[in-house]
Structure formats: structure tokens, C-alpha cells
Amino acid sequence: MSHPPPLRRLAVVGAGWAGLSAAVQATRAGHQVVLFDMAGQAGGRARSAAQGPLMLDNGQHILIGAYRDTLALMRQVGVDVDQSLWRQPLSLVSPRGTGLRLPGGPAIPAFVRGVLGWTDLPWRARLALLTQAVRWRLGGFRAPADWSVARLCEGLPQVAFDALIDPLCVAALNTPGREASAQVLLTVLKEALFGPPGGADLLLPRRPLQELLPMPALTWLRAQGAVWQPGHRVQQLTPLSGGWQVDGEAVDAVVLACSATEAARLLAQQAPAWATVAAALPYQPIITVWLRHPGVRWPQAMMAFPADASPGLAAPAQFGFDLGRLGLAPDTFALVISGAADWVEHGTEQTVHALRQQLQQAFSGSPLAWQDAQVSVVAVRTEKRATFACTPGLRRPSATPLPGLAVAGDYVAGPFPATLEGAVRSGRLAVEALLQA
Ligand SMILES: Cc1cc2nc3c(=O)[nH]c(=O)nc-3n(C[C@H](O)[C@H](O)[C@H](O)COP(=O)(O)OP(=O)(O)OC[C@H]3O[C@@H](n4cnc5c(N)ncnc54)[C@H](O)[C@@H]3O)c2cc1C
């Protein structure tokens, strides 16, 4: 007869989505969890905060159907996923109604039908996309580690690269195609576009991020006896024989689920080589701008803004979201500028000015009455270290630098870019690694 593992006391440092995932996983396995976060609330980079009467997220987030770990975790802590997320097949449609629309159903036929039906893309570009997709599939979605996405797509017509590959790359990797890792993009395409049915579906939050995981997870954890310590920035990790001390508190094991820079600081003495890799990660910013336009409702909850929609203008935003349509905030629109390093340099005023011009131009040929004179700016949030820059051959720190300590976070070595799913999966894997050890 097999015995359950002995009850162990586990510290989780950081209550972002990786830390919450680790805490739930460890609690489910029967361990006593103490969860620390330096902030007063859980959620990390995927949190919400009040902005006047509105609850705004730290930045607009998109989930997709392939986020298996994330959706399972939300369900485990009692979230009604179908009510909380707006699900639709992948659609990258611009204000003029052009762009890719995938039908539902099994992945490969849906992709073929979607691309063939993309009538505003020249035939040559559509066929090249399908041929390229077949080649990637036959090659097992593998690319040399030092290839960029631009290098991977050298055979594709520029129009296909600009209309599909670059927007997907910026959305998923937060890194422009000319700089992004070909292998990571191929892994995402394999999971999302060519995986089980529904993998590419867009899942758009209908509730503030706080209600999608952080709050329900904390309620669930507390009900199971876990201890939550907000406002506690962990200062010191000290190895003991058979365990660790976290700011003087003895535990059997630690999941370090804070940012890479904080993890590097905490492990600088015990694991200097690991800390050097963690501290050297490059980052890409994301800017989210919330605009109000009374009386406007977009025909779909998410809109794509192709760069070529604004000839002669710099076009900062790639995607926009109608928060009224999602039931979050009437007449309010979130515009997302990913891979935003250049725009951070320009400054907020210039970025918002360029964005407003971009929208005016993009809607000019559409039936929607978007009048810049009626637009007001609700909020602008710039996350300078939104995600690591997902470049070819990037060295990412390992999950298990020391005995009795595992690291979780979207930046930890793995096949995926910095996403909620990468974070949640790494939290589960960190606990599994500790249990196996
Ligand atoms: C603007 C923006 C838009 C994004 N859009 C998307 C998207 O559309 N889809 C998607 O999948 N992903 C998106 N992401 C990425 C996603 O938010 C992250 O991948 C994910 O939230 C990372 O979670 P994490 O737990 O790894 O790290 P974090 O969220 O950074 O959590 C780390 C936690 O550790 C805490 N901490 C740090 N140091 C200490 C310490 N010493 N002691 C105690 N606590 C500490 C911090 O307060 C924080 O709560 C976006 C990110 C941003 C910023």
C-alpha cells in the first residue's frame, strides 16, 4: 500500500499567477503553504486596480483556448470559466472588416478554410501561407535556435508576414518578428493553431483580472488552511539542513515565484551563476491606453489594427478591445501597444497623439462613427518590464537551481513565451519538481 508524502511546510514567494498556481498545487497535494507577496494584493503583472469608478487591469490580457493549465486552475478554485471569458474563434479583423477569421472546428481544416477565405489577401500570399504552414508541420515545428521569425519567414510574401505573422508574434511573444525567436513562435503555433480543436480560440476577460484568478485563488487557499502574507517583501533566503529559512521562518521547501530581478537578488549568494542569467534577461514594454468614446460600439469585441491601415503615420497600437461589448465598462476601449520600446522613448504624450491619429485613420473607411473630437483619455499604463524580450537563443534560468528550492515564473526556461499560461504551468512544474526530489 502506498503512503501519501509526509506533510511539508512550503513557502511560496510571490503571488502572481505562477505563485498562486504553485500554492494551489502544493495545497492540493496536502502541504501547508505560506504565501508571501510584497504587494498588498495578489496577481502580480496580471492584476486590476480601481481607476475612478472603473476597475482597470494592469494591461489588457488575452487568453486562448490552448491555455490548458490556466483554465484548469481557474476551475479548481471555483471560477466559472464560461461566464468569465468571452470565447470566439480567432479573428484578426480590422475596422474596415478585413483580416483573418478562422471558423470553429478541428484546427487544420479551420486554418485552411480561414486562410482561403481571407479574400483581401492576394492569392499568392494565401497559398504561400498554407505552403509554409505545411512545411513547418512536416518539420515538426522546429527551427534553429538562433533564427529570428523574420529569418524563418524569408520565403513568405511581405504582405502575408505583415498581415498575420508579425501581429501573431507581437501578440504572443511581445517581440517584433524581426527580433523574435522562430522556435518559440513555432511552438506557440503548434499548440494554438495546429493543436486540439479550439486551441486558437480567443478568450477575452469579461471580469477584471483580479476576479479571474487572484481573488478566488486566495479565498480557496485560505479555506484550505494556507497562510497569506501580503505586504511582505522577502529579504533573505537561508539554506538549513533539510530545508530553508525565509526571513527567519523555517520551511521544508521554497517556490521562488517573484520577478527575475528579485529572484536574482535573493539567490545572489547561494546560486551566483543562476542569478547572473536571471539578472541579464532583456525586457519589452507594453503600453495600454484606455479611451472613452460615448455612443460607439464596435462590431466585435477585439479589433486588429494593421500597421498598413495608416499610411504615412506611425501606428502604435496592434489591437483594441471594446470593454462595453465585454460587459466591463460602457463606451470604453483598451488599445494595446506591444513590443513598445520605441514608444516608451517617445513619451506618453506623443504616443497617445499618434494612437489617436491611427484610430481616426483606421476608422475613416469604416461604417463606424469614430470621431476623435469625442474621444477622451481614461488612463495610460506603461509596464516597462511587461515580459522578457523573446529573442533567438535567449538564455533563461532553470527551474531548479538548488535542493529544496524551485523557481516559478513566466521567465523560467521552457518552450513558451512570457504568458499567463507559461506562469501557471511553471508554478505546477515547480511543485512537481520539489515533490519528486
Ligand atoms: C501589460 C501586460 C499585458 C500582458 N498581456 C498578456 C496577454 O495578453 N496574455 C498573456 O498570456 N500574458 C500577458 N502578459 C504577461 C502575463 O501578465 C505574465 O506572463 C504573468 O502575469 C507573469 O506571472 P508571474 O507570476 O510569473 O510573475 P509576476 O506577475 O511578476 O508575479 C511576481 C510576484 O512576485 C512579487 N514579488 C516580487 N519580489 C518579491 C519579494 N521579494 N517578496 C515577495 N513578493 C515578491 C510581486 O509583487 C508579484 O506579485 C501581459 C503582461 C503585461 C504586463
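Residues numbered from 1 in each chain as written. Predicted model: local features only at pLDDT ≥ 70, side-chain atom pairs only at ≥ 80, totals over all residues. Heavy atoms only, no water.

S.K.: Is there a simple way to explain the overall build of the protein chain in this structure?
M.R.: Within the protein chain one finds 15 helices and 20 strands. For a compact globule of 437 residues, the expected C-alpha radius of gyration is about 22 Å, and the protein chain comes in at 22 Å, within 12% of that figure. By principal-axis analysis of the C-alpha atoms, the protein chain measures approximately 70 × 50 × 45 Å. Every one of the 437 residues in the protein chain was classed for burial, and the buried ones make up 54%. A separation of at least 24 residues holds for 70% of the contacts in the protein chain among residues at least 6 apart in sequence. Summed over all atoms, the accessible surface of the protein chain reaches about 18,600 Å², with 53% contributed by carbon and sulfur. (Helix = DSSP H or I, 4+ residues; strand = E, 2+ residues; numbered from the N terminus. Rg over C-alpha atoms; globule rule 2.2 N^0.38 Å. Buried < 20%, exposed > 50% of the residue type's maximum accessible area, 1.4 Å probe, protein only. Contact = heavy atoms within 4.5 Å. Areas by Shrake-Rupley, 256 points an atom, 1.4 Å probe, with all protein chains shown as cover.)

S.K.: Please clarify how the nonpolar core should be interpreted in this entry.
M.R.: Note on soluble globular proteins: their nonpolar side chains tend to be buried together. By size, the foremost hydrophobic cluster in this structure holds 131 residues, and its most contacted members are Leu35 and Val255. Ranked by residue count, the leading element in this core is helix α7 (residues 158-173), at eight residues. When near neighbours in sequence (up to four residues on either side) are disregarded, Val255 contacts Leu10, Ala11, Val12, Val13, Ala22, Ala406, Ala408, Ala430, Val431 and Leu434. In terms of nonpolar packing, the next biggest core, distinct from the first, is built from 22 residues, Ile287, Leu335, Leu359 and Val375 among them. (Core = buried A, V, L, I, M, F, W, Y, C linked by side-chain atoms within 4.5 Å.)

S.K.: I keep staring at the domain arrangement of the protein chain and nothing clicks. Help me out?
M.R.: Interface size, as often reported, equals the accessible area lost upon joining of the parts. Taken domain by domain, the protein chain consists of domain 1 (9-43 + 213-281 + 392-436), domain 2 (103-199) and domain 3 (283-388). Averaged C-alpha coordinates put domain 1 and domain 2 at centres separated by 34 Å. Across the boundary between the two partners, domain 1 contributes seven residues, which contact 13 residues of domain 2. Interface area lost by domain 1 to domain 2 is led by Pro392, Phe416 and Pro417, which between them contribute 69%. Across the domain 1-domain 2 interface, the total number found is one residue pair in polar contact (both at pLDDT 80 or more). Of the residues contributing to the side of domain 1 that touches domain 2, the split by class is four nonpolar, two polar and one charged. (Domains from an automatic or database assignment. Buried area = accessible area lost by both parts, 1.4 Å probe. Polar contact = N/O pair within 3.5 Å; in protein donor to acceptor, adjacent residues only side chain to side chain. Nonpolar A, V, L, I, M, F, W, Y, C, P; charged D, E, K, R; others polar.)

S.K.: Before we go on, may I ask you to explain the site of the ligand in this structure?
M.R.: Near the ligand you find 33 residues, and of these Asp37, Ile62, Tyr67, Glu262 and Asp410 are the closest. In this structure, an oxygen atom belonging to the ligand sits 3.0 Å away from a main-chain N or O atom of Ala18. In the complex, 94% of the free accessible area of the ligand, which totals 1,000 Å², lies under the protein chains. Those elements that place two or more of their residues in the shell around the ligand are α1 (17-28), α11 (260-266), β19 (376-388) and α15 (420-436). For the shell around the ligand, a count of residues per class yields 15 nonpolar, eleven polar and seven charged. (Near = heavy atom within 4 Å.)

S.K.: Please explain the packing of aromatic side chains as it appears in this structure.
M.R.: Note on aromatic pairs: each is described by the distance of the centres and the angle between the planes. Taken as a whole and assessed by the stated rule, the structure comprises nine aromatic pairs. When the centroid spacing of 6.1 Å and the interplanar angle of 65° are considered together, the rings of Trp298 and Phe305 count as edge-to-face. Relative to Trp370, the ring of Phe363 lies with its centre 5.0 Å away and its plane at 15°, an arrangement referred to as stacked. Like Phe363, the residue Trp370 is buried in the burial classification. Through a chain of ring-to-ring contacts, three or more aromatic side chains come together here, namely Trp298, Phe305, Phe333, Phe363 and Trp370. Lying over the aromatic face of Trp123, Arg126 brings its terminal NZ or CZ to 4.3 Å of the ring centre. Residue placement shows Arg151 over the ring face of Trp147; its charged tip is 4.0 Å from the ring centre. (Phe/Tyr/Trp six-rings, centres within 6.5 Å; stacked < 30°, edge-to-face > 60°. Lys NZ or Arg CZ within 6 Å of the ring centre and 35° of its normal.)

S.K.: I'm lost on the pattern of salt bridges in this one. Help?
M.R.: Pairing between side chains of opposite charge can happen when their charged atoms approach one another. Inspection of every chain in the model, using the stated rule, returns 14 salt bridges. For Arg9, the salt bridge goes to Glu249, with nearest N and O atoms at 2.3 Å. Highlighted residues: Arg9 in strand β1 (residues 9-13) and Glu249 in strand β13 (residues 249-251), separated in sequence by 240 residues. Judged by its relative accessible area of 23%, Glu249 is partly exposed. Across the pair Arg178 and Glu179 runs a salt bridge whose closest N-O atoms are separated by 3.4 Å. Shared partners join several salt bridges into a network, and the residues in it are Asp69, Arg428 and Glu432. (Salt bridge = Lys/Arg side-chain N within 4 Å of Asp/Glu carboxyl O.)

S.K.: What am I meant to see in unusual backbone geometry here?
M.R.: Across the chain, the bulk of peptide bonds are trans and the bulk of non-glycine residues have phi less than zero. For Asn174, which is not glycine, the phi torsion reads 50° and is therefore positive. Along the chain, Asn174 falls in the loop between α7 and α8 (182-192). A relative accessible area of 4% means that Asn174 is categorised as buried.

S.K.: Which parts of the structure should I look at to understand the environment of Pro103?
M.R.: Within the secondary structure, Pro103 sits in the loop between β8 (99-101) and α4 (107-116). Once residues within four sequence positions are removed from consideration, Pro103 is found in contact with Pro89, Ala110, Arg113 and Gly114.

S.K.: Would you take a moment to explain the pairing of strand β3 (residues 48-51) for this structure?
M.R.: Working note: regular strand, side chains alternate between the two faces of the sheet. Relative to strand β4 (residues 54-57), β3 runs antiparallel, the two being bridged by four bridges. Residue pairing for β4: Ala50 is matched across the bridge by Met55. Counting the residues between successive antiparallel strands, the hairpin from β3 to β4 contains two residues, one of them, Gly52, with a positive phi of roughly 60°. (Pairing = 2+ DSSP bridges.)

S.K.: Looking at this model, I keep getting lost on the environment of Ala49. Mind explaining?
M.R.: The topology assignment puts Ala49 in strand β3. Judged by relative accessible area, Ala49 falls into the partly exposed class, the value being 28%. If near-sequence neighbours (up to four positions away) are discounted, Ala49 is found in contact with Leu54, Met55, Leu56 and Arg381.

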